[in-house]
Amino acid sequence: MKQVSIFLISILTLLSVAAHPYINGDAVTISVSGNRNLQVSVDGRDFNVSNGAVGTKTTIAVNNLAEGQHTLKVTRTDLNSMRSVSITATFNLRNNYEMLINVNSNGSLELIENIKSGLSDNQAAMASAEFNILLRNVKVQRAASGRRTVISNAFNNTSKYFTTDQVLQLLQLVTAENFRLQLAKLSYRAITDRSNFFQVYDLLRSQAGKNELVAYVNDYNDGVIPDISSSDAAFNTLYQTIQQQWPVSTQMNSLTNAFNNTANHFTSHQASQLIQLITAETNRLQLAKLSYPSITDPANFIEVFNLLNSQSSKNELTAYINDNYNSGSNSNNAMNDASFTTLYQAIHQQWPVSNQMNSLTNAFNNTANYFTVYQVSQLIQIVSAEANRLQLAKLSYRSVVDRANFSQLYDLFSNQASKNELIAFVNNTTNNPGTNVNMPMADAAYTALYQSIQGQFFPNEKLNSLTTTFNNTSNYFTTAQAKKLIQLVSFESNRLLLAKLSYRTVVDRANFNQLYDILSNEANRNELDAYAKAYKD
């Protein structure tokens, strides 16, 4: 059974949620089987169980709780023996989620994390007849830009709402990945069944695109207008207006005003088209710097870099972005074209491969050397063995000056395991600069922990112990260890909750997808996958 229930929340509290870490609305719903002689408390705060009791169930709504960990305590008292039995459990509350806690008659607990509904969830989706007309209007457009314009206008129409399935049909008529991503973001406002929106992620081929959409959805606030790049129609009007201007000084003024206008947002491709209206390298560099704050897909900004011919201009643009927008980035200048060409040719002419590997290793280990991702890619492609390429890619990361583009190196690997290992290396290096990889719990300590939890009788005790274990910031596990622990509980919703909690502790995240096997429901596997991809340490 899909554990994604949707609860109605007040839209008037959205801005206050963003302003402080308190979850308004019915953030926690506690359903207790059996309504006699009960005492329920959350964080020591007692609740009246007589209200909301239906049959043999008592339902309690708790609101205005802060984000983070909370403690639930349910106490039953036998009136004959006057003996009290208490059930205690901890749960985590996250923004944009609600928690449903079922206390079953046998004493077990079921914790279900639910996505909150948005403004659109209570709207009626476009009727089939009207949607079919829209679909036909898109299909008859001969030019790809025409299709995108019709779809964009539909998603921007605040009186229109769509099901996820309707959005899927529309997006499938657009083939370019960057435009699919742009339109997918536009569509989210109007989705009436957001619990199914994960299906849209599968339309994006690149992992970077999926990650960007997941992050957009996680950060989305109803009532707040997101930064969406200019629609095709608006962009085409702007482009043609500037294209027709003369002399160049007039075009430069218009482009400068366009990029300085804080109401304007562009994709990297759109910015690239505008900048190409000017041919002088110095002017292009100036406009590239101006454009960066307005870019909605900075991961693709390499397209703007490629408009610059000289390495010195590319280095200057890289330094500008790092100094002004990428705190903690590598601000050193990349090797100039002449020096790089000399280095490349010297290594390329060496033989055998072992000599090439030694020279490449020395080049990346030399703390005086810095490279762009493009330069690193050229050097690594001198060798063909996947294992050698992976070793060099890891070594190169220290010296890369444009780390926002580092994901382009993943394309050098044909094996997904190699890509995953490099991603894990980068994530660990980024999140733990200057530190060693966290080590998983030793076998002896792990066995003792496992047996301790396994020996507990009540299901809620196991769940409580596992929650505490995964929340302990000194604990780290391999995927195999985490999987074995989570299998000590049987409820699917509890397994999903613990799997999410465990992600912080897993030291081999490239193998985390092995945990999906403990979930029988495809929707839950998808939810865990989306959670892992959007996770930020």
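Residues numbered from 1 in each chain as written. Predicted model: local features only at pLDDT ≥ 70, side-chain atom pairs only at ≥ 80, totals over all residues. Heavy atoms only, no water.

Brief notes about the pattern of salt bridges
Definition in use: Whenever Lys or Arg places a side-chain nitrogen within 4 Å of a carboxyl oxygen from Asp or Glu, that contact is recorded as a salt bridge. Where helices and strands are cited, they refer to DSSP runs of H or I of at least four residues and of E of at least two residues respectively, numbered from the N terminus. Each residue is placed in one exposure class: buried if its accessible area under a 1.4 Å probe, protein chains only, is under 20% of its type's maximum, exposed if it is over 50%, and partly exposed if it falls in between.
Overall, the coordinates contain eight salt bridges when judged by the stated rule. Two residues, K185 and E212, come together in a salt bridge whose shortest N-O distance is 2.7 Å. Note that K185 is positioned in helix α5 (residues 177–188) and E212 in helix α7 (residues 207–219), a separation of 27 residues in sequence. The buried category is assigned to K185, whose relative accessible area is 10%.

Here we look at the packing of aromatic side chains
The cut-off we apply is this: Classification of ring pairs uses Phe, Tyr and Trp, with its six-membered ring standing for Trp, and accepts pairs whose centres are within 6.5 Å; under 30 degrees between planes counts as stacked, over 60 as edge-to-face, and the remaining range as tilted. The criterion is that NZ of a Lys, or CZ of an Arg, lies within 6 Å of the ring centre and within 35 degrees of the ring normal, and then a charge sits over that ring.
Tallied over the full model, the rule gives 17 aromatic pairs. Taking the centre distance of 4.9 Å and the plane angle of 85° together, the rings of Y292 and F301 count as edge-to-face. The exposure classification of Y292 matches that of F301, with both residues buried. Between the aromatic rings of F470 and F477, the centroid separation amounts to 5.7 Å while the plane-to-plane angle is 80°, which identifies the pairing as edge-to-face. Accessibility classification places F470 together with F477 in one group, the buried group. Through successive ring pairs, a cluster of aromatic residues spans Y446, Y450, F470 and F477. When the ring centre of Y188 is taken as reference, the NZ or CZ atom of R194 above it lies at 4.4 Å. Across from the ring centre of Y476, 5.6 Å away, lies the NZ or CZ of R504, which sits over that ring.

Some thoughts on helix α15 (residues 353–365)
Test applied: Multiplying 1.5 Å by the residue count of a helix minus one yields the expected span of that helix. Contacts are assigned to residue pairs with any non-hydrogen atoms lying within 4.5 Å of each other.
Helix length check: α15 (13 residues) gives 18 Å between terminal C-alpha atoms against 18 Å at 1.5 Å per residue, within 8%. Every buried residue of α15 is listed here: Q356, M357, S359, L360, T361, A363 and F364. Contact partners of the buried residues in α15: α14 (337–348), α16 (373–380) and α17 (386–396).

Things to note about unusual backbone geometry
Cis rather than trans, the peptide bond between W246 and P247 has omega equal to 5°. Residue position: P247 is located in the loop between α8 (232–243) and α9 (248–260). Each neighbour pair has its own omega, and for W351 with P352 the value is 0°, a cis peptide bond. Structurally, P352 can be placed in the loop between α14 and α15. Of note, D43 is a non-glycine position whose phi angle comes to about 55°, a positive value. Take D43: it is sitting in the loop between β3 (38–42) and β4 (45–47).

Describing the packing of α14 against α15
A pair of packed helices is captured by two measures, namely the crossing angle of their axes and the spacing between those axes. Definition in use: Lines are fitted to the C-alpha atoms to define the axes, a helix being fitted only along its stretch in contact, and any angle between axes, read from their N-to-C directions, falls within 0 to 180 degrees. Angle categories: roughly parallel below 35 degrees, roughly antiparallel above 145, roughly perpendicular from 65 to 115, and oblique for all the rest. When residues are sorted by character, Ala, Val, Leu, Ile, Met, Phe, Trp, Tyr, Cys and Pro go into the nonpolar class, Asp, Glu, Lys and Arg into the charged class, and all the rest, Gly among them, into the polar class.
Where α14 contacts α15, the axes come no closer than 9 Å and their chain directions differ by 155°. By the criterion of interaxial angle, the relationship of α14 to α15 is roughly antiparallel. Contacts between α14 and α15 involve L343, I347 and H348 on the former and, on the latter, Q356, S359, L360 and A363. In terms of residue class, the contact of α14 with α15 is built from four nonpolar, three polar and no charged.

Section: the pairing of strand β8 (residues 68–77)
Operational definition: Any two strands between which DSSP finds at least two bridges are classified as paired.
Note that β3 and β8 share five bridges and pair antiparallel. Among the inter-strand pairings, S41 is bridged to a residue of β8, identified as K73. Pairing of β8 with strand β9 (residues 84–93), which is carried by 10 bridges, proceeds in the antiparallel orientation. Bridging across to β9, T71 finds its partner in T90.

Description of the nonpolar core
This is how the line gets drawn: Residue types Ala, Val, Leu, Ile, Met, Phe, Trp, Tyr and Cys, when buried and joined through side-chain atoms within 4.5 Å, form a set referred to as a nonpolar core.
Core analysis: the biggest nonpolar cluster contains 47 residues, and V28, I30 and L485 have the highest contact counts within it. Here the element with the most residues in this core is helix α22 (residues 492–502); it accounts for five residues. Setting aside residues no more than four positions away along its own chain, V28 makes contact with I60, A61, V62, L65, F91, L93, M99 and I101. The next biggest cluster of nonpolar side chains, apart from the first, holds 36 residues, and it includes M126, L186, F197 and F198.

As for the confidence of the model for the protein
This is how the line gets drawn: Per-residue confidence from the predictor is reported as pLDDT, a score between 0 and 100.
With 80% of its residues at a pLDDT of at least 70, the protein reaches an overall mean of 78. Of all helices and strands in the protein, the one with the weakest mean pLDDT is helix α1 (residues 14–19) (32), whereas helix α4 (residues 164–171) scores best (94). Confidence drops under pLDDT 50 across residues 1–26; counting only partners more than four residues distant or on other chains, this segment forms 65 contacts.

Some details on the packing of helix α2 (residues 128–139) against α4
Quick reminder of the rule: Should the near helix be turned anticlockwise from the far one by less than a right angle, the crossing is left-handed, and should it be turned clockwise, the crossing is right-handed.
In the contact formed by α2 and α4, the axes pass within 10 Å of each other and the chain directions differ by 15°. Classified by the angle between their axes, α2 and α4 sit roughly parallel to one another. For the pair α2 and α4, the sense of crossing is right-handed. Mapping the contact onto sequence places F131, L134, L135 and V138 in α2 and Q166, Q169 and L170 in α4. Along the lines of polarity and charge, the residues of the contact of α2 with α4 split into five nonpolar, two polar and no charged.

Looking at the sheet that holds β4
A sheet is described by the order of its strands in space; here four strands give the open sequence β4-β3-β8-β9, paired in antiparallel fashion. Each edge of the sheet is formed by a strand with only one pairing partner; in this case those strands are β4 and β9. Each neighbouring strand pair of the sheet contributes to a mean axis angle of 25°, computed without reference to strand direction. Relative to β9, helix α20 (residues 459–471) is tilted by about 35°, and along the sheet it contacts β8 and β9.

Considerations on the environment of N306
Summarising the element assignment, N306 is placed in the loop between α12 (302–305) and α13 (311–324). Relative accessible area serves as the criterion here: at 53%, N306 is assigned to the exposed category.

Quick notes on α16
The buried fraction of α16 amounts to six of the eight residues, a majority that puts the element mostly inside the structure. Within the sequence span of α16, burial applies to V373, Q375, V376, S377, L379 and I380.

Some remarks on the environment of E67
Structurally, E67 is set in the loop between β7 (65–66) and β8. Distance in space between the C-alpha atoms of E67 and L93 is 5.0 Å, their sequence separation being 26 residues.

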